[in-house]
Amino acid sequence: LTIGNFDDDPDLEAIGGSNSYPRIIDLTTGALEAQLGIQTGEPPKVGNVWGDSGLEIIAVTAEYDAEIVIYQHDLTMDPLISTYPYNEVYRLSGDDVPHTARANTLVYDIDEDGLNELVVVSESGTYTVYDTPGVTAYPQPRGDRQLYSEYNRGIAEYVDPPTPVRPGLTELTPMHGA
């Protein structure tokens, strides 16, 4: 499950579905916003790979000859009229994609050039890195955690680490010399 705000409205969405056509559900209303047009092995992940500062959906097909498909929310479409407000904006296939790639993707500025890279992992553990025009957000997503944070939301944006509960001190000097 991937959770985030993919369409710039005030509500969070969730993308779910393994070995199926992923569905995007509005978490506030429970309404189906879209169903992606490809079958994926795992829920898609989300990050800025298109270069417009927005978030794109990164889906990897469940087939042996995997394809990576990038979807972007179409802000010009009225989601109340269309059930497919996400457009395919890019597709990688053939020799450009490891045959057994999975949706274990990572969007991160690995080479510190200010632009995100898309990292795709295959079933055999092979990593393939793609340069993207997506500008790196600041602060950068936390790449030291699986799915970018302890919350495992699967969206490439910075999330503060959970902080431990600290005791509240009401008096700086303890009473009775303690």
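Let me begin by describing the structure that accompanies this report. Note that the coordinates shown come from a computational prediction; the quantities given were computed from them, not determined experimentally. (Residues numbered from 1 in each chain as written. Predicted model: local features only at pLDDT ≥ 70, side-chain atom pairs only at ≥ 80, totals over all residues. Heavy atoms only, no water.)

## Focus: the pairing of strand β2 (residues 13–16)
Reasoning step 1: For strand β1 (residues 2–4) and β2, the ladder comprises 3 bridges, and the chain directions are antiparallel. Its bridge partner being in β2, Ile3 is matched across the sheet by Ala14.
Reasoning step 2: As paired elements, β2 and strand β3 (residues 23–26) share 4 bridges and run antiparallel to each other. Across the sheet, the residue bridging to Glu13 is Asp26, located in β3.
Reasoning step 3: Connecting β2 to the antiparallel partner β3 that follows it, the hairpin turn spans 6 residues, and Gly17 within it adopts a positive phi of roughly 130°. (Pairing = 2+ DSSP bridges. Helix = DSSP H or I, 4+ residues; strand = E, 2+ residues; numbered from the N terminus.)

## Observations concerning the environment of Arg23
Reasoning step 1: Here Arg23 shows up in strand β3.
Reasoning step 2: With relative accessibility at 42%, the residue Arg23 sits in the partly exposed group.
Reasoning step 3: Placed 20 residues apart in sequence, Arg23 and Pro43 show a C-alpha to C-alpha distance of 9.1 Å.
Reasoning step 4: Residues in contact with Arg23, not counting those within four places in the same chain, are Ala14, Ile15, Gly16, Leu32, Ala34 and Gln35. (Buried < 20%, exposed > 50% of the residue type's maximum accessible area, 1.4 Å probe, protein only. Contact = heavy atoms within 4.5 Å.)

## Comments concerning the sheet that holds β1
Reasoning step 1: The antiparallel open sheet is built from 4 strands, whose spatial order is β1-β2-β3-β4. This sheet does not close on itself; its edge strands, each paired only once, are β1 and β4 (32–35). Sheet twist, expressed as the mean angle between neighbouring strand axes with direction ignored, is 20°. (Axes fitted to C-alpha atoms, helices over the stretch in contact; angles between N-to-C directions.)

## Observations concerning the packing of aromatic side chains
Reasoning step 1: Applying the stated criterion across every chain, the model contains 1 aromatic pair.
Reasoning step 2: Summarising the aromatic geometry, the rings of Trp50 and Tyr90 are spaced 6.1 Å apart at their centres and angled 50° between planes, so their arrangement reads as tilted. Placement of the pair is Trp50 in the loop between β5 (45–47) and β6 (56–60) and Tyr90 in strand β8 (residues 86–92), with a sequence separation of 40 residues.
Reasoning step 3: Trp50 sits in the partly exposed class, given a relative accessible area of 34%.
Reasoning step 4: With relative accessibility at 42%, the residue Tyr90 sits in the partly exposed group. (Phe/Tyr/Trp six-rings, centres within 6.5 Å; stacked < 30°, edge-to-face > 60°.)

Scope: geometric values only; no functional claims are made or implied.
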